[in-house]
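Residue-level structure breakdown
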Amino acid sequence: MTTIALYNLKGGVGKTACCVNFAYLSALDGYKTLLWDLDPQGSTTFYYQVKPKLKGGIKNFITQASDLEEAVMNTDYDHLDIIPADQSAKSLDVMIEEMKHSRKKLKNVIHTFKKDYDFVFMDCPPGLSVLAENIVMAADIILMPVIPTTLSARTYEMVKSFFKEKELDPAKLTCFFTMVDLRKNLHNEIMETLYKDKHFFQSYIPYLSDVEKMGIYQAPVEVFARSSYAAQCYRDLWAEIKEGVL
Ligand SMILES: Nc1ncnc2c1ncn2[C@@H]1O[C@H](COP(=O)(O)OP(=O)(O)O)[C@@H](O)[C@H]1O
Ligand SMILES: [Mg+2]
């Protein structure tokens, strides 16, 4: 089982868009895939049109890790399950206190899914918190979308400092460019500089309206625009990520 966390200190950078698409592509490859929506905003849950389970089907309060297994729901797609945001929020409320005492709390919880899944994707909330620390400890790979702008580049440096300060493994940090507009000189310049940094994948996601349409179709790009350039970009990047982990 490989655990991949879509993470950035910054919000609105395309974590959810990427998480939704990569998890779908992983399942399409035939890998047993679990998507865990850790962001209380619940955007991933929205994109997958997850409906609440029947009354009594799920515990109202998750008090321990093993209860989380009951929060796993099917999606409309083969090989792809999801822990929706409302269930995660309950479990995180319980776990966050314990996270303050153990950086491995989340890692231990995820371990319960080891026998059932090939890939676990975590869509993470922004921030540098005890949760972020737990996420880095739990994940095999931290996938960080970076918009090639001055502020995003600065955030990237802050995340690297966070890794150093908390003595987290810097080899886990992998990045890619997103919302790229190559007509902008600044985007080109920042990409050229940061590509020298070994943390970045070569493939990137441009700024494309088909990505925004995910909100209208409530589905991954591959489902409603399979032959689009956006779908091709996600496939290329997913192929590069897989090459790195398998
Ligand atoms: N490559 C892209 N091209 C155009 N719009 C994008 C792209 N990636 C994300 N978006 C849009 O930007 C907004 C923020 O993306 P989202 O994935 O929710 O970010 P995050 O999860 O980091 O907060 C959403 O409205 C989304 O549709
Ligand atoms: Mg998000």
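I will try to describe carefully the structure that is included in this document. For clarity, every value in this text was computed on a predicted model and none was experimentally measured.

**Let's talk about the overall build of the chain**
Each helix and strand counted, the chain has 12 helices and seven strands in total. Its C-alpha radius of gyration of 17 Å places the chain within 12% of the 18 Å reference for a compact globule of 246 residues. Structurally, the chain occupies a C-alpha span of about 55 × 45 × 30 Å along its principal axes. Relative to its full complement of 246 residues, the chain shows a buried share of 53%. Summarising the internal contacts of the chain: among those between residues at least 6 apart in sequence, 76% fall at separations of at least 24. For the chain, the accessible surface area stands at approximately 11800 Å², while carbon and sulfur atoms represent 51% of it. Looking at the chain, you have 28 positive and 32 negative side-chain charges, and the mean spots of the two groups are 2 Å apart.

**Quick look at the packing of aromatic side chains**
Taken as a whole, this structure holds 15 aromatic pairs when the rule is applied. Here Y24 and Y77 contribute two aromatic rings whose centre-to-centre distance is 5.1 Å and whose plane-to-plane angle is 85 degrees, an arrangement assigned as edge-to-face. Residue Y24 is located in helix 1 (residues 15-28), and its partner Y77 is located in the loop between strand 3 (73-74) and strand 4 (80-83); the two are separated by 53 residues in the primary sequence. When its relative accessible area of 11% is taken as the criterion, Y24 is described as buried. Taking relative accessible area as the criterion, Y77 reaches 22% and is therefore assigned partly exposed. Both rings, one in F113 and one in Y117, keep their centres 6.2 Å apart while their planes meet at 65 degrees; by these two values the pair is edge-to-face. With respect to burial, F113 and Y117 carry one shared label: buried.

**Some thoughts on the pattern of salt bridges**
Counting across every chain of the model gives 13 salt bridges. Within the structure, one salt-bridge network assembled from shared partners comprises R103, E133, E165 and K166.

**As for the state of the cysteines**
Taken as a whole and assessed by the stated rule, the structure comprises zero disulfides. C124 carries a free sulfur, and the closest cysteine sulfur to it, the one in C19, is 7.5 Å from it. You can see C233 has no disulfide; the closest cysteine sulfur is in C18, sitting 11 Å from it.

**Some words on the side chain of E133**
Position of E133 among the secondary structure elements: in helix 6 (residues 130-138). A relative accessible area of 13% means that E133 is categorised as buried. Every residue in contact with E133, bar those within four places of it in the chain, is listed here: R103, F162, K166 and L168.

**A word on the site of ligand 1**
Surveying the vicinity of ligand 1 reveals 14 residues, the closest of which are G12, K15, T16, A17 and P206. A distance of 3.0 Å is found between an oxygen atom of ligand 1 and a backbone nitrogen or oxygen belonging to G14. A total of 560 Å² of accessible area belongs to ligand 1 in isolation, and the protein chains cover 80% of it. Counting residues per element, the shell around ligand 1 draws most heavily on helix 1, at three residues. Considering only residue class, the shell around ligand 1 consists of eight nonpolar, four polar and two charged.

**What about the nonpolar core?**
General note: in soluble globular proteins, nonpolar side chains tend to be found buried as a group. Core analysis: the biggest nonpolar cluster contains 44 residues, and W36, M122, I135 and I142 have the highest contact counts within it. With six residues, helix 6 is the largest single contributor of residues to this core.

**A closer look at the pairing of strand 2 (residues 33-37)**
Taking burial as the measure, the five residues of strand 2 include five buried ones, the bulk of the element. Residue alternation in strand 2 divides its side chains into two sets, T33, L35 and D37 and L34 and W36, and both sets are buried. Sheet analysis places strand 2 next to strand 4, joined by four bridges and oriented parallel. Each residue of the ladder has a partner; that of L35, found in strand 4, is I82. Relative to strand 5 (residues 119-123), strand 2 runs parallel, the two being bridged by five bridges. Paired with D37 across the bridge in strand 5 is D123.

Reading the values: rules and limits
- Residues numbered from 1 in each chain as written.
- Chains lettered and ligands numbered in written order.
- Predicted model: local features only at pLDDT ≥ 70, side-chain atom pairs only at ≥ 80, totals over all residues.
- Heavy atoms only, no water.
- Helix = DSSP H or I, 4+ residues; strand = E, 2+ residues; numbered from the N terminus.
- Rg over C-alpha atoms; globule rule 2.2 N^0.38 Å.
- Buried < 20%, exposed > 50% of the residue type's maximum accessible area, 1.4 Å probe, protein only.
- Contact = heavy atoms within 4.5 Å.
- Areas by Shrake-Rupley, 256 points an atom, 1.4 Å probe, with all protein chains shown as cover.
- Lys, Arg positive; Asp, Glu negative; His and termini not counted.
- Charge placed at Lys NZ, Arg CZ, Asp CG, Glu CD.
- Phe/Tyr/Trp six-rings, centres within 6.5 Å; stacked < 30°, edge-to-face > 60°.
- Salt bridge = Lys/Arg side-chain N within 4 Å of Asp/Glu carboxyl O.
- Disulfide = S-S within 2.5 Å.
- Near = heavy atom within 4 Å.
- Polar contact = N/O pair within 3.5 Å; in protein donor to acceptor, adjacent residues only side chain to side chain.
- Nonpolar A, V, L, I, M, F, W, Y, C, P; charged D, E, K, R; others polar.
- Core = buried A, V, L, I, M, F, W, Y, C linked by side-chain atoms within 4.5 Å.
- Pairing = 2+ DSSP bridges.

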